[in-house]
Amino acid sequence: MSVEQNKALVRRFVEEFWNSGNMAAADELIAGDAILSLPGVGQTNLDTFKQFAQTLRGAFPDWHSTVEEMLGEENSVAERWTGRGTHQGVFQGTAPTGRRVMVPGVVFYRIASGKITEFRGQFDGVVLMQQIGAIPAHS
């Protein structure tokens, strides 16, 4: 696949999986033996990856990830994103606050044969927890 096709695959994954909450998109777009790494979790399997996304959407049902920047090279894509949502469910032990959050993050993807074979994601969890009042903001 070309770099542009790889970027299109990542955009589709973001839209269908993260923004629409379509868990079947992960089964379709991620290779069964993919390396999946999440912040605070480390390397995980596809089921745990989907559980993480469901937990996020349960706490922030209107979650939307905006691609801010995307760079590609051969079989790799880097995505810088901003996630936004309203805290409407329990998240990591914090009761719903109704607060809107805006969280920056990055993901590094590797793609082969039209599937994501590696996902290494990071987001600013401290900012998220500060915005929902779980930890104090630093001044």
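Our structure's up above, just so we're on the same page.
Residues numbered from 1 in each chain as written. Predicted model: local features only at pLDDT ≥ 70, side-chain atom pairs only at ≥ 80, totals over all residues. Heavy atoms only, no water.

Geometry of an aromatic ring pair is reported as the spacing of the ring centres plus the angle between the planes. Considering all chains together, one arrives at 16 aromatic pairs under this definition. With 4.9 Å between their ring centres and 80 degrees between their planes, Phe49 and Phe119 make a pair best called edge-to-face. In this pair, Phe49 sits in helix H3 (residues 46-59) while Phe119 sits in strand E6 (residues 115-123), placing the two residues 70 residues apart along the sequence. Under the relative-accessibility criterion, Phe49 is labelled buried at 0%. Here the aromatic rings of Phe52 and Phe123 are separated by 6.4 Å at their centres, their planes lie at 45 degrees, and the arrangement is tilted. (Phe/Tyr/Trp six-rings, centres within 6.5 Å; stacked < 30°, edge-to-face > 60°. Helix = DSSP H or I, 4+ residues; strand = E, 2+ residues; numbered from the N terminus. Buried < 20%, exposed > 50% of the residue type's maximum accessible area, 1.4 Å probe, protein only.)

In this section: empty space enclosed by the protein. The final tally for this structure, using the stated rule, is 1 cavity of 30 Å³ or more. In this structure, the largest cavity occupies an estimated 210 Å³ of space. Looking at the largest cavity, it is lined by 18 residues, and the ones nearest its centre are Trp18, Phe52, Trp81, Phe119 and Phe123. For the lining of the largest cavity, the element with the most residues is E6, which contributes 4 residues. Per-class residue counts for the lining of the largest cavity are 14 nonpolar, 3 polar and 1 charged. (1 Å grid on protein atoms, 1.4 Å probe; cavity = no way out; pocket = protein on both sides within 12 Å on 5 of 7 lines; lining within 4 Å. Points joined across faces, edges and corners; volume = space filled by probe spheres on them. Nonpolar A, V, L, I, M, F, W, Y, C, P; charged D, E, K, R; others polar.)

The next subject is the packing of helix H1 (residues 3-19) against H3. Each pair of packed helices can be summarised by the angle the axes make with each other and by the distance between the axes. Relative orientation of the contacting elements H1 and H3 amounts to 65 degrees, with a least axis distance of 10 Å. Listed contacts from H3 to Phe13, Phe17, Trp18 and Asn19 of H1 are Phe49, Lys50, Phe52, Ala53, Leu56 and Arg57. Split by residue class, the contact of H1 with H3 holds 7 nonpolar, 1 polar and 2 charged. (Axes fitted to C-alpha atoms, helices over the stretch in contact; angles between N-to-C directions. Contact = heavy atoms within 4.5 Å.)

A few words on the nonpolar core. Core analysis: the biggest nonpolar cluster contains 37 residues, and Phe13, Trp18, Phe49 and Phe119 have the highest contact counts within it. Listing elements by their share of this core, those giving two or more residues are H1, helix H2 (24-29), strand E1 (30-38), H3, strand E4 (76-86), strand E5 (100-112), E6 and helix H4 (125-131). Apart from the residues within four sequence positions on either side, Trp18 is in contact with Phe13, Phe49, Phe52, Ala53, Leu56, Arg57, Trp63 and Phe119. (Core = buried A, V, L, I, M, F, W, Y, C linked by side-chain atoms within 4.5 Å.)

Leaving glycine aside, a negative phi is the common case for residues, and trans is the common case for peptide bonds. Within the chain, Glu74 stands out as a residue other than glycine whose phi angle is a positive 50 degrees. The phi angle at Gln92 is positive, at roughly 45 degrees, despite the residue not being glycine. Secondary-structure assignment places Gln92 in the loop between E4 and E5.

Let us now look at the environment of Phe13. Summarising the element assignment, Phe13 is placed in helix H1. A relative accessible area of 0% means that Phe13 is categorised as buried. Separated by 114 residues in sequence, Phe13 and Val127 place their C-alpha atoms 24 Å apart. Leave out the neighbours within four places in its chain, and Phe13 touches Trp18, Ala26, Leu29, Ile30, Phe49, Tyr109, Ile116 and Phe119.

Before going further, it helps to spend a moment on the sheet that holds E5. Strand order in the open sheet made by the 6 strands is E2-E1-E6-E5-E4-E3, with mixed pairing throughout. One side of each edge strand has no neighbouring strand; the edge strands of this open sheet are strand E2 (42-44) and strand E3 (64-73). On average, adjacent strands in this sheet sit at an angle of 20 degrees to one another, irrespective of strand direction. By the bridge criterion, 8 bridges tie E5 to E6 in an arrangement that is antiparallel. Within E6, the position partnered with Ile111 by the bridge is Ile116. In the packing of H1 onto the sheet, contacts are made with E1, E3, E4, E5 and E6, and the angle to E3 comes to roughly 160 degrees. Packed onto the sheet, H3 meets E1, E2, E4 and E6 and runs at close to 55 degrees relative to E1. (Pairing = 2+ DSSP bridges.)

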